[in-house]
Amino acid sequence: MIFRRNGNKKIKHNNIFYDELPDSIDAKLNTQTIKSLLGDGSDVECKTIFIGDNRLPITIIFIDGLADQQLISDFILKPLMEDKQFKEAKNIKKVIELVEDGYVYFSSQEKRLNIKDVILDILSGNTALIFDIENTVFTFDTKGFEKRAISEPTGENIIKGAKDSFVENLRTNTATIRKKLKTHKLMIKDFTIGKESNTKIAIVYIKGIGNENIVKILKERLDNINIDGVLTTGVIEENIIDNKYSVFPQVIYTERPDKFCANVIEGRIGLIIDGFPITYIVPVTIGSFLQAPEDYAYNYFVSSVIRFLRFFLMFTTLLLPGFYISIATFHHEMIPTQLALAITASKEGVPFPTFVEVIFLQIAFEILTEAGLRLPQNIGQVVSIVGAVVIGQAAVEANLVSPVVLIIVAVTAISNFTMPNQDFSNALRVWRILFVLLSSIIGLFGLSLASIILLHHLSNMEVYGIPYLVPFVGEEGKQLQDSIFRLPFSTLYKRPIGLKTINKKRQD
Amino acid sequence: MKIQTSKKIILLLLTSSLLILTGCKVAFFGRTEMERNEFIRVVGIDKIDEGVKITIVTEDFSSQKGGTNPQKKSNVKTAEGKTVFEAIRNFWSFVDKKPFFGRVEYLLIGEEAAMDGLLKYIDFFCRDSEIRLNLKVFIVSEANAQEVIAKTNEENSFIYDKLRGITENQWGNSTFQKVDLIETMYILDCEYLALYLPCIHLISPKDGVLNNSQSIMVKGFAIFDGDKLVLDKHEELGRGINWLKSNIQSGVIVVKSPKGANVSLEIIDSNTKYEAKIIEDKLIITVKVQIQSSINEINSSEDIFTADTIKNLERQQGDIVKNEITKVIKYAQKKKLDFIGAADVVLHKFPILFEDLYKDQWEEILSDIKFDVIVYPNIIKTYDIREPNRSKIGEGK
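All chains use their own residue numbering, which begins from 1 and follows the written sequence. Written order decides the labels, with chains lettered from A and ligands numbered from 1. Per-residue local features of the predicted model are confined to residues with pLDDT of at least 70, and side-chain atom pairs are confined, for both listing and counting, to 80 or more; whole-chain, interface and lining totals are unaffected and use all residues. The basis for every side-chain value is the complete set of heavy atoms in the structure, and neither hydrogens nor water enter the calculation.

Attention now moves to the overall build of chain A. Where helices and strands are cited, they refer to DSSP runs of H or I of at least four residues and of E of at least two residues respectively, numbered from the N terminus. Scanning chain A for helices and strands turns up 16 helices and 12 strands. Put simply, the radius of gyration uses C-alpha atoms, and a globule should come to 2.2 Å times the residue count raised to 0.38. For 508 residues, the compact-globule estimate of 2.2 N^0.38 gives 23 Å, and the C-alpha radius of gyration of chain A, at 29 Å, exceeds that figure by more than 25%. With the C-alpha coordinates aligned to their principal axes, the bounding extent of chain A is approximately 105 × 55 × 50 Å. For chain A, buried positions account for 48% of its 508 residues. Restricting to contacts in chain A with at least 6 residues of sequence separation, those with at least 24 account for 65%. Carbon and sulfur atoms form 58% of the exposed surface of chain A, whose accessible area is close to 24,700 Å². Using a 1.4 Å probe on the protein chains alone, a residue whose accessible area is under 20% of its type maximum counts as buried, one over 50% counts as exposed, and one in between counts as partly exposed. Residues are treated as being in contact if the distance between any of their heavy atoms lies within 4.5 Å. Computed by Shrake-Rupley with a 1.4 Å probe, the accessible areas treat only the displayed protein chains as cover when residues are assessed.

Before going further, it helps to spend a moment on the state of the cysteines. Residue and element names in this part refer to chain B. The term disulfide is used for any two cysteine sulfur atoms that are within 2.5 Å. One pass over the full model with this rule turns up 0 disulfides over all chains. Cys190 takes part in no disulfide bond, and the closest cysteine sulfur, belonging to Cys126, lies 15 Å away. Here Cys199 stays free of any disulfide, with the sulfur of Cys126 as its closest cysteine sulfur at 19 Å. Relative accessible area serves as the criterion here: at 8%, Cys199 is assigned to the buried category.

The next thing to look at is the domain arrangement of chain A. Residue and element names in this part refer to chain A. Here the bounds of each domain stem from an automatic or database domain assignment. One can read the domain layout of chain A as domain 1 (16–140), domain 2 (170–284) and domain 3 (299–460). On a C-alpha basis, the centres of domain 2 and domain 3 stand 35 Å from each other. Tallying the contact residues gives 7 residues for domain 2 and 11 residues for domain 3. Surface buried jointly by domain 2 and domain 3 totals about 810 Å² across both partners, of which 67% is contributed by carbon and sulfur atoms. Throughout, the accessible surface (probe 1.4 Å) given up by two parts as they are put together, summed over both, is called the buried area.

Take the interface of chain A and chain B next. Taken residue by residue, the interface counts 35 residues in chain A and 32 residues in chain B. Here chain A meets chain B over a buried area of about 3,000 Å², counting both sides, of which 60% is carbon and sulfur. What counts as a salt bridge is simple: a side-chain nitrogen of Lys or Arg found within 4 Å of a carboxyl oxygen of Asp or Glu. At the junction of chain A and chain B, the tally comes to 2 salt bridges. Pairs of N or O atoms within 3.5 Å make up the polar contacts considered here, provided that, within protein, one atom can donate a hydrogen while the other can accept it, and that residues adjacent in sequence are counted only when both atoms are side-chain atoms. Inspection of the chain A/chain B interface yields 10 residue pairs in polar contact (both at pLDDT 80 or more). Elements that contribute at least two residues to the side of chain A that touches chain B include exactly helix 11 (300–329), helix 12 (337–347), helix 13 (354–374), helix 14 (377–397) and helix 16 (422–460) of chain A.

Residue and element names in this part refer to chain A. Method remark: on a 1 Å grid restricted to protein atoms, a set of points is classed as a cavity if a 1.4 Å probe fits but cannot get out and as a pocket if it is open with protein on both sides within 12 Å along at least five of seven lines; lining residues have an atom within 4 Å of a point. Grid points are joined across faces, edges and corners, and a volume is the space filled by probe spheres set on the points. In this structure, the second largest pocket spans a volume of roughly 1,100 Å³. Taken together, 41 residues line the second largest pocket, and the ones lying closest to its centre are Ser124, Lys143, Phe145, Lys200 and Asp274. Those elements giving two or more residues to the lining of the second largest pocket turn out to be strand 3 (109–112), helix 6 (115–123), strand 5 (136–140), helix 7 (170–180), strand 6 (186–193) and strand 7 (199–206). It is helix 6 that provides the largest number of residues to the lining of the second largest pocket, a total of 4 residues. When grouped by side-chain class, the residues that make up the lining of the second largest pocket number 11 nonpolar, 15 polar and 15 charged. Split by domain, the lining of the second largest pocket shows at least three residues from each of two domains, domain 1 (16–140) and domain 2 (170–284). Side-chain classes are defined by residue name, with Ala, Val, Leu, Ile, Met, Phe, Trp, Tyr, Cys and Pro counting as nonpolar, Asp, Glu, Lys and Arg as charged, and the others, Gly among them, as polar.

This part takes up unusual backbone geometry. Residue Pro283(A) is bonded to the preceding Val282(A) through a cis peptide linkage, with omega at -15 degrees. Tracing the chain through its elements places Pro283(A) in the loop between strand 10 (279–282) and helix 11. Of note, the bond from Val470(A) into Pro471(A) is cis; its omega dihedral lies within 30 degrees of zero at 10 degrees. For Pro471(A), the position within the fold is in the segment after strand 12 (466–467). Despite not being glycine, Tyr464(A) shows a phi value in the positive range, around 50 degrees. Positionally, Tyr464(A) belongs in the loop between strand 11 (462–463) and strand 12. By relative accessible area, Tyr464(A) is classed as buried at 7%. Positive phi, normally seen in glycine, also occurs at Ser174(B), with a value near 55 degrees. Relative to the elements of secondary structure, Ser174(B) occurs in the loop between helix 7 (159–169) and helix 8 (181–189).

Residue and element names in this part refer to chain B. Of all 5 residues that make up strand 6 (residues 136–140), 5 are buried, and the element is covered over most of its length. By the alternation rule, side chains of strand 6 split into Lys136, Phe138 and Val140 and Val137 and Ile139, which are all buried. Strands pair, by our definition, only if DSSP identifies at least two bridges between them. Where strand 5 (residues 106–109) and strand 6 come together, 4 bridges link them in parallel fashion. Directly across from Ile109, in strand 6, lies its bridge partner Ile139. When strand 6 meets strand 7 (residues 196–203), the two strands line up parallel, connected through 2 bridges. Note that in strand 7 the partner of Val140 across the bridge is Ile200.

Before going further, it helps to spend a moment on the confidence of the model for chain B. Per residue, pLDDT captures the predictor's confidence, and it can take any value from 0 to 100. In the predicted model, chain B carries a mean pLDDT of 85, and 86% of its residues have values of at least 70. The least confident element of chain B is helix 2 (residues 24–29) of chain B, whose mean pLDDT is 53; the most confident is strand 5 of chain B, at 95.

Residue and element names in this part refer to chain A. Interaxial angles span 0 to 180 degrees and are taken between N-to-C directions of axes, which are lines fitted to C-alpha atoms, for helices over the stretch in contact. Between helix 2 (residues 31–38) and helix 6, the least distance of the axes is 11 Å, while the angle of their chain directions is 55 degrees. Between helix 2 and helix 6, the angle is such that the two are oblique. Crossing hand, helix 2 versus helix 6: right-handed. Where helix 2 abuts helix 6, its residues Thr33, Ile34, Leu37 and Leu38 lie against Ile115, Val118, Ile119, Ile122 and Leu123. A class-by-class count of the residues in the contact of helix 2 with helix 6 yields 8 nonpolar, 1 polar and no charged. Note on terminology: angles under 35 degrees are roughly parallel, angles over 145 are roughly antiparallel, angles of 65 to 115 are roughly perpendicular, and the others are oblique. Should the near helix be turned counterclockwise from the far one by less than a right angle, the crossing is left-handed, whereas a clockwise turn marks it as right-handed.

Glancing now at empty space enclosed by the protein. Residues and elements named next belong to chain A. Taken as a whole and judged by the stated rule, the model has 3 cavities of 30 Å³ or more. Of the pockets and cavities examined, the largest cavity occupies roughly 60 Å³. Taken together, Gln362, Phe365, Glu366, Thr369, Val409, Ala413, Asn416, Phe417, Arg429 and Arg432 form the lining of the largest cavity. Counting only elements with at least two residues in the lining of the largest cavity, the list comes to helix 13, helix 15 (403–417) and helix 16.

Turning our attention to the pattern of salt bridges. All names here are of chain B. Summed over the entire model, instances satisfying the criterion amount to 37 salt bridges over all chains. When the shortest N-O distance is used, the salt bridge between Glu38 and Lys77 registers 3.0 Å. Taken as a pair, Glu38 in strand 1 (residues 37–48) and Lys77 in strand 3 (residues 71–81) lie far apart in primary sequence, 39 residues in all. Taking relative accessible area as the criterion, Lys77 reaches 18% and is therefore assigned buried. Notably, a salt bridge pairs Asp319 with Arg315, separated by 3.5 Å at the nearest N-O pair.

Right, let's talk about the side chain of Ser483(A) for a bit. Relative to the helices and strands, Ser483(A) resides in the segment after strand 12. Dropping the residues within four chain positions of it, Ser483(A) is found in contact with Arg307(A), Phe311(A), Pro471(A) and Phe472(A).

Here the focus is helix 11 of chain A. Residue pairs spaced three or four apart in an α-helix point in one direction, given the helix's 3.6 residues per turn. Residue and element names in this part refer to chain A. When the terminal C-alpha atoms of helix 11 are compared, their 42 Å separation across 30 residues agrees well with the 44 Å that a helix rising 1.5 Å per residue should span. For a residue, the bend is simply the angle between two axes, fitted respectively to the seven-residue segment ending there and the seven-residue segment starting there. Residue Leu319 marks the point of greatest curvature in helix 11, where the axis turns by about 50 degrees; the proline Pro321 follows within four residues. Measuring from the side-chain oxygen of the N-cap residue of helix 11 to the backbone nitrogen of Phe301 gives 2.6 Å; that N-cap residue is Asn299. Working rule for helices: expected span equals 1.5 Å times residues minus one.

Another aspect to go through is the environment of Leu135(B). Assignment of secondary structure puts Leu135(B) in the loop between helix 5 (119–127) and strand 6. For Leu135(B), the contacting residues outside a window of four places in its chain are Val104(B), Glu105(B), Leu107(B), Val179(B), Asp180(B) and Leu181(B).

Right, let's talk about the sheet that holds strand 5 of chain A for a bit. Residues and elements named next belong to chain A. With antiparallel pairing, the 5 strands of this open sheet are ordered in space as 1-2-4-5-3. A single partner strand is all that each edge strand has here, and the edge strands are strand 1 (44–51) and strand 3. Recorded for the sheet is a direction-independent mean angle of 20 degrees between the axes of neighbouring strands. Sheet analysis places strand 3 next to strand 5, joined by 4 bridges and oriented antiparallel. Across the sheet, Gln109 pairs through a bridge with Phe140, a residue of strand 5. Helix 2 rests against strand 1, strand 2 (56–63), strand 4 (127–131) and strand 5 of the sheet, and its axis sits at about 15 degrees to strand 2.

Spelled out as structure tokens, the structure:
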């Protein structure tokens, strides 16, 4: 069977790491066991200290680089060594009691009864305090590795709007969201995924607004992920989408907290992955990929014109090369005579048929785009200049392509760049190939056929139970205030119907 | 679910194939690069002894290198054949590009061919899928089409441009009206209507052009009896027909001031309405023409902006227009050719009567119809309302 449904897979526990550790009940919580599990890593710091007059032994373990040593010294070691209560402690039991009572001045401490938790805590940057005699372990949240400061977004710059962006640290990101959404209903639920990477993932939604069913489906999908490491966002994305064989994106990624929060308020569910400055939003439909954060910052009339232009450009980037091939090779009579004469003049001496010209230039353009992306920024600029000169002027002068085709491909490419979402833009690039090929074979019939296939494909897609073509299909057709145009906020008093939010109204 | 989707896709492809593969030869093998086509803009048709001679005027841009600085150029080519189609296919034998008739905008028919009968010469153009039915048809007066094309198509001034200019600017005088091929077909199909087509005249340098080449002028209509040209001079009927067809957009009417000086009136709007009635079994058609005009020129210094004078000018204007219309009606009645569209008026007013009584003997009935022409002239604008120069110091009074 070529297509295997996800549902048939045997569901495993989300954290395979756990399965490889010894059973928690049998394993002893002592230094030897913990050290043996952590291995001989040079960054594993393990030190036994003796406290009080009775020189009671306690082992402290942490990962150098992950834990903040200043915190350990000031708030763990110092109280243990200098506090009068600890000095006078007669036995380890008394020390444990004192730690439990908070004599170590640390707000975030946990008494761990399970060796798996201990190991995970240490690997996350916590410090473990091990009492070998009593088989007891306390872990302290001393995470203190280097992290990037909140900076301006690099991929989603806007003029009129917030300038902060997500960073690689999950907690910083959740704090950023909390800062923007000061509501007790904001739910942040953590997961750990990745057998080896143990990457933390947080589901974010607002209780009473976000659809609990979608949260449940999302959790199930995250639970089903069986992978060794989450070192790229694609691992998560591929596993939480409905249609794995579609190039069209089914989640929105954003590095902008304001966009993230706006979607969460609207009733969508957010996903933050530790280690990535990118967050995901589900469920999303086609309309969302044509909305940019700035649409809501500018005057609604201006935004509406820009939004409409964006829709027009979406069709331009998808259809223009195919349309040009069709009319230039199959349906000349559709072109006004003077334009046809100009095209004819420009094609004089070009040895290739129109569709070969278009395909050749498209490929050349894709190569240049790819080269520009892979090279360092400064060299990338050189590539674009060289590309413009080579592809543009030289190719025309060498009669390899006609200037009109060059303009067509350039307009197509520039239209593609206007898409607010890169994944969506890529999907259009891929589908454009089909449009070009079918147009090359049977002209406008081919273009129509490709359009029908695309429409069929999109009509069949659902994202978390919501048709992908929302808001242009079904009941959602009534909610076109924020689709092709962006009407004033006073008209956007309801949340999108398709999201099936609990609280359906934005404004009372 | 997947199976259903697959079935849907297969069904969709099959349905699409049915649509696409209809006439698949054209769909799959119809690919032609545009530059391999000869763009034909004007076609001339002439009668020759053994058939027909077709003259084509092509338009092209040629450039030295990759489309830079393209130069416009035009070629004239002729081919002969027993039929129009054969003559056109004969072009295939010697032209370097495929003759493409989809861009023909003007069809010039030589006088001799028009007299021979239009149908056999335009049938190909009506039938061929490549040709647009909105191309304009002209009759070449006192010459053949090839001669007109050859004498007027120059290196820097193509006959196509001249025809386009003339037809686009015809509203200035309203002495003719462009007639599409589809309208020609409609009139020819209509048993009670007579065809009228605009006339092209070859004019010599002394008639207005300063260089040595000859030019063309379109003026008046050629009237047809069935599909055959009626040999008469009808240049002067041009504006009269346009009054009756309500096709007047603008034009100049020269009237006289009280002291006999010329005053030019510009027609700025007009509207013609018909009323058909039967009184004592006699058909009466009233033609009501409303004209709005302005005074654009006064060839004297007299003050004509008085109510009486304006009224006098309007009366003169009305008489001139009435005379133009009456001439056309009389000509139509004399020739028993309904190119003025009287039958349509009666048909719309008395459809049953027309079908039962008039239709079969319309030619006879037309000559008996009483036409009442009523003109409502109205000078509404005088542009510069000031009195003419020197009118205050008495000159001209």
